[in-house]
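Residues per chain are reported as follows:
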Amino acid sequence: MKFGFNMPVDLNFGAGVVSGNKGKFDLGKKALIVSGKNSARISGALVDVLDALTSNGTGYIVYDGIRSNPDLESVSKGADYGRSNGVDFIVAVGGGSPIDAGKAIAALCSNDIEPIDLIGKKLNERPLPIIAVPTTAGTGSELTPYSVLTIPSMKTKKSFYSPFIFPVSAFLDPCYTYSLPYAITLDTAFDAFTHLLESYLSLRSTPLNDIIALAGIRAFAECRQPISEKLIIAETREKLMYASCLGGMAIAQTGTTMIHSMGYSLTYFRNYSHGRANAMLIGEYLRFNYDRIPGKIDMVMKILGFKDIDEAEVFFSMGLDEKPRLSDEECRTYAKLATEQANIRQNPRRVEEEDVYKIYVRLFGGAR
Ligand code: NAP
Ligand code: FE
């Protein structure tokens, strides 16, 4: 047996973890709080963070210009704002988008590079230290060394990796997700599930990581009924955040695979949320990989209580109004973009561009 496991984040989980750990927010003299327009406020997270900072006598400024699927321009603006105000650490508050943006801003504040150079180039200087406070239960970004950014010049989303963008501390309080509407709860929960699933089936999976991924899949399975019945009570919120937490820890080790590579175009070109884009691909992903890895897929089906992949596919299409309809040319373009993503190489079965094309056609083909 040979494996590694790297999780250098000080993880704090449970109701009241921000207020109960104010001292851990003392990472510098002045913080740049990175958030979206509303979520930090309506979730209640921002007020707790500001209280922690002021009780330490730490200064702060707020940059709330992050939209879903953050692009290079918004992180560049955030970094300019942070640099010109002399901030020395980042507090990212919100869903995966503000947390990923906070990581990119942390890197740009300390490295004099073009934002596009975040992708694929090594950072010369350490990014500013990051604290992450999630308000969705989905991406697990608070526990990963990745930041996913929208790159208009490449017509896709790309992630950048650095071991130094692991947050120093993460505060996962399920109460911050109480204000999430049902549709976002569902989509983000599906994202968390795909992290667990793809990590468990990844070529890079390890015995230790499998334990984490399976525990997360079990937690998600316990939410299946409340999700279906739209009865999301406090206990469900806690389990979803736990599943998301384990999903983040799992992909921090293995990365994602085919679902994420294929989902990006559905978000970039068709505006489906990240979790929804992934959810639409789960059934075909399982069918494509089944022969290579039947034992693990049977195990997932058993834990979730599905009799077969068809039943799972129906569950993961819950809440979907309409599938996209793609032309043949679009299927070709999306397939090319997906196979260019690095993470697709960790798929259990080798994936060719033609395989991806066929899956897009089967799922969404037919438009003229
Ligand atoms: P998000 O884009 O951060 O947020 C989606 C929507 O939910 C926004 O409108 C946001 O409002 C709102 N929202 C967030 N928390 C809320 C709350 N508590 N109450 C009410 N509304 C709330 O969604 P996400 O799914 O968490 O993040 C998606 C991004 O993360 C994608 O770009 C994806 O590629 C990336 N991702 C990263 C990793 C990683 O490891 N780094 C892994 C998976 C996915 P505001 O606009 O006001 O914020
Ligand atoms: Fe994801």
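Looking at where Thr150 falls in the secondary structure, it is placed in strand β6 (residues 146-151). For Thr150, a relative accessible area of 12% translates into the label buried. At 2.9 Å, the side chain of Thr150 forms a polar contact with the backbone oxygen of Asn69. Non-local contacts of Thr150, meaning those with residues more than four positions away in its chain, are made with Asn69, Pro70, Asp71, Leu72, Thr156, Lys157 and Tyr268.

With that settled, the discussion passes to the site of ligand 1. Around ligand 1 there are 29 residues in total, and Asn38, Ser39, Ser68, Gly96 and Ser97 lie nearest to it. The separation between an oxygen atom of ligand 1 and a polar side-chain atom of Asn69 is 3.2 Å. Ser179 places a polar side-chain atom, nitrogen or oxygen, 2.8 Å from a nitrogen atom of ligand 1. In the complex, 89% of the free accessible area of ligand 1, which totals 950 Å², lies under the protein chains. Those elements that place two or more of their residues in the shell around ligand 1 are α1 (39-42), α4 (96-110), β6 and α5 (182-201). Grouping the amino acids of the shell around ligand 1 by side-chain chemistry returns seven nonpolar, 18 polar and four charged.

What follows covers the coordination of the iron ion (ligand 2). Six octahedral donors around a metal ideally sit at 90 or 180 degrees from one another, while four tetrahedral donors ideally sit at 109.5 degrees. Binding of the iron ion (ligand 2) to the protein goes through Asp191 (OD), His195 (NE2), His260 (NE2) and His274 (NE2), at separations of 2.1 to 2.2 Å. Here the iron ion (ligand 2) binds four donor atoms, and the angle range of 81 to 166 degrees at the metal identifies the geometry as irregular. As a motif over one chain, the donors of the iron ion (ligand 2) read D-x3-H-x64-H-x13-H. Taken together, the positions of His195 in helix α5 and His260 in helix α9 (residues 258-268) put the pair 65 residues apart, joining distant regions of the chain. His260 matches His195 in its accessibility class, with the two residues each being buried.

Conventions adopted
- Counting starts from 1 at the beginning of each chain's written sequence and moves along it residue by residue.
- Chain letters and ligand numbers both follow the written order, the letters beginning at A and the numbers at 1.
- Totals for whole chains, interfaces and linings use every residue, but because this is a predicted model, local features are given only for residues with pLDDT of at least 70 and side-chain atom pairs only at 80 or more, for both listing and counting.
- Only hydrogens and water are removed before side-chain values are computed, so all heavy atoms of the structure are retained for them.
- Going along the chain from the N terminus, every DSSP run of H or I of four or more residues is numbered as a helix, and every run of E of two or more is numbered as a strand.
- Think of it in three bands: residues with accessible area under 20% of the maximum for their type are buried, residues over 50% are exposed, and the middle band is partly exposed, with areas taken using a 1.4 Å probe on protein chains only.
- We define a polar contact as two N or O atoms separated by no more than 3.5 Å, with the added condition that, inside protein, one atom must be a possible hydrogen donor and the other a possible acceptor, whereas residues neighbouring each other in sequence contribute only through side-chain atom pairs.
- When checking whether two residues touch, look at their non-hydrogen atoms; a contact exists if any pair is within 4.5 Å.
- When we say a residue is near a molecule or strand, we mean one of its heavy atoms is within 4 Å of it.
- Note that accessible areas follow from Shrake-Rupley with a 1.4 Å probe, and for residues the cover is restricted to the protein chains shown.
- Any residue outside Ala, Val, Leu, Ile, Met, Phe, Trp, Tyr, Cys, Pro, Asp, Glu, Lys and Arg is labelled polar, Gly included; the first ten of those are nonpolar and the last four are charged.
- A 2.8 Å cut-off from the metal defines N, O and S donors, relaxed to 3.2 Å for Na, K and Ca; water is not in the atom list, so some sites may appear incomplete.
- Irregular is the label for any site that misses the other tests, which are tetrahedral for four donors with all angles between 85 and 135 degrees, and square planar for four donors or octahedral for six when opposite donors exceed 155 degrees and the remaining angles lie between 65 and 115.

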